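Structural description and commentary
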Amino acid sequence: MLERLDKIEERYQELTTLLMDPEIVTDIPRMTELAKEQSSLQPIVTLYKEYKDVLQTISDLKDMMHEDDPEIVEMAHMELDELKPRVPEIEEELKVLLIPKDPNDEKNVICEIRGAAGGSEANIFAGDLFRMYTKYAETQGWKLEVTNAEVNDAGGFSQVEFTISGKSVYSYMKYESGAHRVQRVPQTESQGRVHTSTATVLVLPEAEDIEVELNMSDVRVDTYRSSGAGGQSVNTTDSAVRVTHEPTGLIVTCQDGKSQHENKASALRILKARLYDRILQEQQEKEGQERRSKIGSGDRSEKIRTYNYPQNRVTDHRIGFTILQLDRVMEGKLEPIIDALITEDLKRKLEGKDH
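Residues numbered from 1 in each chain as written. Predicted model: local features only at pLDDT ≥ 70, side-chain atom pairs only at ≥ 80, totals over all residues. Heavy atoms only, no water.

1. Comments concerning the packing of helix α3 (residues 28-64) against helix α5 (residues 86-98)
Keep this limit in mind: Interaxial angles span 0 to 180 degrees and are taken between N-to-C directions of axes, which are lines fitted to C-alpha atoms, for helices over the stretch in contact. Numbering of helices and strands runs from the N terminus, with a helix taken as a DSSP run of H or I at least four residues long and a strand as a DSSP run of E at least two residues long. Any angle that is under 35 degrees is reported as roughly parallel, and any over 145 degrees as roughly antiparallel; angles of 65 to 115 degrees are reported as roughly perpendicular and all others as oblique. By the definition used in this description, the sense in which the near helix is turned from the far one sets the handedness, with an anticlockwise turn below a right angle giving left-handed and a clockwise turn giving right-handed. Throughout, a contact is declared for two residues whenever any of their heavy atoms are within 4.5 Å. Here the nonpolar group is Ala, Val, Leu, Ile, Met, Phe, Trp, Tyr, Cys and Pro; Asp, Glu, Lys and Arg are the charged ones; every other residue, Gly included, is treated as polar.
Contact geometry for α3 and α5: axes closest at 10 Å, N-to-C directions at 160°. As far as their axial angle goes, α5 and α3 are roughly antiparallel. Judged by the twist between their axes, the crossing of α3 over α5 is left-handed. Mapping the contact onto sequence places Pro43, Ile44, Leu47, Tyr48, Glu50, Tyr51, Val54, Leu55 and Ile58 in α3 and Arg86, Val87, Ile90, Glu91, Glu93, Leu94, Leu97 and Leu98 in α5. Taken together, the residues that form the contact of α3 with α5 break down as 13 nonpolar, no polar and four charged.

See the structure below:
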């Protein structure tokens, strides 16, 4: 670990020198890139400096304990007792800072929820999940925009797609991809029997232009009239947009924007995210088992969570976490579950790094 820290400190000094170079000062993109790198290393370098200072002070205090003056010895002894516990604390903090960051953590996300097994009840549950994420986004100060919604007659959605933008959205939402299972008595059930249904959630990081180069000659754009269950999604003009990426066969539909131009822009954003996701999936397959052991990157058909209404219980199966607050969770109070997932993910990464 110390070897890595020395190299990081060395790189930080190198960046400080480079950022004062007159040639680099005039090259704005290069300067921005270097400043960003320096900024990401700063917390590690600051903490490493404190670590070295603490070790040096401990060494000095140990020398002072050999003095003839008993008062100095006593003072050194007291200071040493106070300072010693700080060493393992800093070491743990440094370990956490040295864990490689997910490059997508700061990004906005594109989400899709679909009713899966369970007919109308699955679609109603998809609507409940959408409402849960809407409320969670509100509590985080994020902005949620629906891009496409296929409303189900019995309630909820057979499919709903939306974007969430704000601070570090992907770092919290990335754990939500997978199959969500609900156990409850459906409104349509006259016998009062508990049914099990599922809805799938897909969360993609929004792609930047540098990550996905979209050749518009590969994209077919079709426009048609929006359809929906009233409100903003019904238009008398051909404002709905369907884009097809011919090399991959990926199709994206957007019809909830106010204009054809807005829907086309949204559809292309989603298409880029889906193409970026394909690239990420391919990388993960190459990385193999190591990647699959991490939370939030497993099989997308995997049942990740169960929402049991009769017992007011939510269980996340990936980490064996259970909370008896389903009513609160469905109102967007997702923090206890997300925090538990982040903590476990960090623990697994630390363990993985130590092997």
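2. Observations concerning the packing of aromatic side chains
Filter applied, for reference: Paired rings are identified among Phe, Tyr and Trp, the last through its six-membered ring, by centres lying within 6.5 Å, and are further divided according to the angle between planes into stacked (under 30 degrees), edge-to-face (over 60) and tilted (the rest). Partly exposed describes any residue whose relative accessible area lies between the buried limit of under 20% and the exposed limit of over 50%, with all areas from a 1.4 Å probe on protein chains only and scaled to the type maximum. Charge-over-ring contacts are defined here by two conditions on Lys NZ or Arg CZ: a distance within 6 Å of the ring centre and an angle within 35 degrees of the ring normal.
As enumerated under the stated definition, the model contains five aromatic pairs in all. Between the aromatic rings of Phe130 and Phe162, the centroid separation amounts to 5.2 Å while the plane-to-plane angle is 65°, which identifies the pairing as edge-to-face. Residue Phe130 is located in helix α6 (residues 119-140), and its partner Phe162 is located in strand β3 (residues 157-165); the two are separated by 32 residues in the primary sequence. For the residue pair Phe130 and Phe162, the accessibility class agrees, reading buried in each case. Seen in terms of ring centroids, Trp142 and Tyr172 are 5.9 Å apart; in terms of plane orientation they differ by 50°. Their pairing is tilted. Within this pair, whereas Trp142 is found in the loop between α6 and β2 (143-151), its partner Tyr172 is found in helix α7 (residues 169-173), the two being separated by 30 residues in sequence. Given the relative accessible area of 28%, Tyr172 is considered partly exposed. The side chain of Arg184 reaches across the aromatic face of Tyr309, ending 4.7 Å from its centre.

3. Structural notes on the sheet that holds strand β11 (residues 321-323)
Operational definition: The pairing criterion for strands is at least two bridges between them, as found by DSSP.
Here eight strands make up an open sheet; going across it, the order is β2-β3-β1-β5-β4-β9-β10-β11 and the pairing mixed. The open sheet has two edge strands with one neighbour each: β2 and β11. On average, each strand axis in the sheet is tilted by 15° relative to the strand beside it, whichever way the strands run.

4. Things to note about the confidence of the model for the chain
Here is the rule: Confidence scores here are pLDDT values: one per residue, from the predictor, ranging 0 to 100.
Of all residues in the chain, 89% attain a pLDDT of 70 or more, and the chain-wide mean is 85. Long-range and interchain partners of residues 229-235, a stretch whose pLDDT sits below 50, account for eleven contacts in this model, where long-range means more than four residues apart.

5. Quick notes on the sheet that holds strand β7 (residues 240-245)
Strands sit in the order β6-β7-β8 across an open sheet of three strands; the sheet is antiparallel. In the strand order of this sheet, the two ends are held by β6 (219-224) and β8 (250-254), each with one partner. Neighbour to neighbour, the strand axes of the sheet diverge by 15° on average, direction disregarded. In this sheet, β8 lies alongside β7 in antiparallel orientation, the contact comprising five bridges. Bridge pairing links Thr244 to Ile251 in β8.

6. Here's the deal with the pairing of β3
Counting buried positions along β3 yields seven of nine residues, so the element is predominantly enclosed. Pairing of β2 with β3, which is carried by eight bridges, proceeds in the antiparallel orientation. Pairing of Asn148 across the sheet is with Glu161, part of β3. Linking two consecutive strands that pair antiparallel, namely β2 and β3, is a turn of five residues; a positive phi of about 120° is found at Gly155 within it.

7. Looking at the pairing of β7
In terms of burial, β7 is a largely internal element, five of the six residues being buried. In this sheet, β7 lies alongside β6 in antiparallel orientation, the contact comprising six bridges. Note on β7: the bridge partner recorded for Val221 is Val243. Counting the residues between successive antiparallel strands, the hairpin from β7 to β8 contains four residues, one of them, Gly249, with a positive phi of roughly 80°.

8. Some thoughts on a negative patch on the surface
Our working rule: Two distance rules govern patches: like charges are joined within 9 Å, and nonpolar side chains (Val, Leu, Ile, Met, Phe, Trp, Tyr) within 5 Å, applied only to residues with over 30% relative accessible area and no salt bridge. Surface exposure here means Shrake-Rupley accessible area, sampled with a 1.4 Å probe, where a residue is shielded only by the protein chains that are shown. The rule for a salt bridge is simple: a side-chain nitrogen of Lys or Arg has to be within 4 Å of a carboxyl oxygen of Asp or Glu. All tallies of charge rest on Lys and Arg as positive and Asp and Glu as negative; His and the ends of each chain are not included. Where a charge lies is defined by one atom per residue type, namely NZ (Lys), CZ (Arg), CG (Asp) and CD (Glu).
A contiguous patch of negative charge on the surface is contributed by Asp60, Asp63, Glu67, Asp68, Asp69, Glu71 and Glu74. Among the elements of the structure, α3 and α4 (70-83) are those that each provide at least two residues to the negative patch. As for its placement among the helices and strands, Asp69 is situated in the loop between α3 and α4. Looking at Asp69, the relative accessible area reads 35%, which means it is partly exposed.

9. Some details on the environment of Glu92
Relative to the assigned elements, Glu92 resides in helix α5. With 258 residues separating them in the primary sequence, Glu92 and Leu350 have C-alpha atoms 9.8 Å apart.

10. Here's the deal with the pattern of salt bridges
Where charged atoms from two side chains of opposite charge come close, those side chains can pair. Inspection of the entire model under this criterion finds 25 salt bridges. Of the charged contacts, one joins Asp105 and Lys174 as a salt bridge, the two residues approaching to 2.9 Å between their closest N and O atoms. With Asp105 in the loop between α5 and β1 (109-115) and Lys174 in the loop between α7 and β4 (178-184), this residue pair connects regions lying 69 residues apart in the sequence. One exposure class covers both Asp105 and Lys174, and it is buried. Linking Lys135 and Glu331 is a salt bridge whose minimum nitrogen-to-oxygen distance equals 3.8 Å. Of the two residues, Lys135 is situated in helix α6 and Glu331 in the loop between α10 (326-329) and α11 (335-354); the sequence distance between them amounts to 196 residues. In this structure Lys135 comes out as partly exposed when scored by relative accessible area, which is 25%.

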